[in-house]
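Secondary and tertiary structure notes
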Amino acid sequence: RFDVGQIVVGGFYRRPKSLEGKVRGINEELWWDAVGALREAIRLNPNLSLPKANLGIAYLFRPAGKDPGKAAQLLEEASQLADKDPSLDPISRLAEDINLAVAYAAQGNSAKAMSTLSLVEASLKTGTTSSLRGAGPVSNALAYNRALLLAQSPDGQRQRLAIGELEDYLRQPGPSQAWWQLAYQR
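Figured I'd write up the structure that's included with this text. All values reported here derive from a predicted model rather than from experimental measurement.

A word on the side chain of Glu96
- Structurally, Glu96 can be placed in helix α5 (residues 90-107).
- The side chain of Glu96 is buried and forms no salt bridge, while Arg93, the nearest opposite charge, is found at 4.7 Å.
- Beyond its immediate sequence surroundings of up to four residues, Glu96 is in contact with Ser49, Leu50, Ala53, Leu75, Ala78, Ser79, Ala82 and Leu88.

Regarding helix α9 (residues 178-185)
- Of all the residues in α9, the buried ones are Trp179, Trp180 and Ala183. On an axial view of α9, the arc spanned by its buried residues comes to 110 degrees, and they lie on one face. Of the residues in α9, the exposed ones pointing more than 90 degrees away from the buried face are Tyr184 and Gln185.
- Its buried side turned inward, α9 meets α7 (135-151) and α8 (156-171).

Description of the nonpolar core
- In this structure, Leu55, Tyr59, Leu60, Ile98, Leu124, Val138 and Tyr144 are the most contacted members of the largest nonpolar core, which totals 48 residues.
- For this core, the elements supplying multiple residues, two or more each, are α2 (28-44), α3 (49-60), α4 (68-82), α5, α6 (110-125), α7, α8 and α9.
- With ten residues, the single largest contributor to this core is α5.
- Val138 has contacts with Val8, Ile91, Leu94, Ala95, Ile98, Val120 and Leu124, leaving out every residue within four places of it along the chain.

Rules used throughout
Residues numbered from 1 in each chain as written. Predicted model: local features only at pLDDT ≥ 70, side-chain atom pairs only at ≥ 80, totals over all residues. Heavy atoms only, no water. Helix = DSSP H or I, 4+ residues; strand = E, 2+ residues; numbered from the N terminus. Buried < 20%, exposed > 50% of the residue type's maximum accessible area, 1.4 Å probe, protein only. Lys, Arg positive; Asp, Glu negative; His and termini not counted. Salt bridge = Lys/Arg side-chain N within 4 Å of Asp/Glu carboxyl O. Contact = heavy atoms within 4.5 Å. Arc of directions from axis to C-beta. Core = buried A, V, L, I, M, F, W, Y, C linked by side-chain atoms within 4.5 Å.

Here you go:
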């Protein structure tokens, strides 16, 4: 429904079919409560990047429809704060960058999105982060989002690369992830 790439957070897994009918759906009041709590966290400590990054994600999944401009602004601010945030581990930092790339792509800024994904890929290749716990979801989201961007290109070679990326993605995370089914359909 929101037509955004794969973000990296701790909670986007598909539900078993037996529970799908019991899901509440979109709850705008709950969304506003969450946004209010994140704004309060930012007010209490404006130097933490994680609340600002999570607020950016909230704007990608706003009940009234995504707001990629607001999401990108908040995620850019979070990215700047992340460099000075000692509470943020390297994988969380890369997850914030993946989410920033998703916001750029949702804005229609493919060049900025691809550039940000390239920085994530370079960080993963250094070896210092690729061996850390949690690098797998970041790597998977990198492949999915890069494939989406490549598929949008009018260049046939880039579109073929996108198919390869999606095929690799489908072999990795498994159908329990919410974006797996979307990748399969593409």
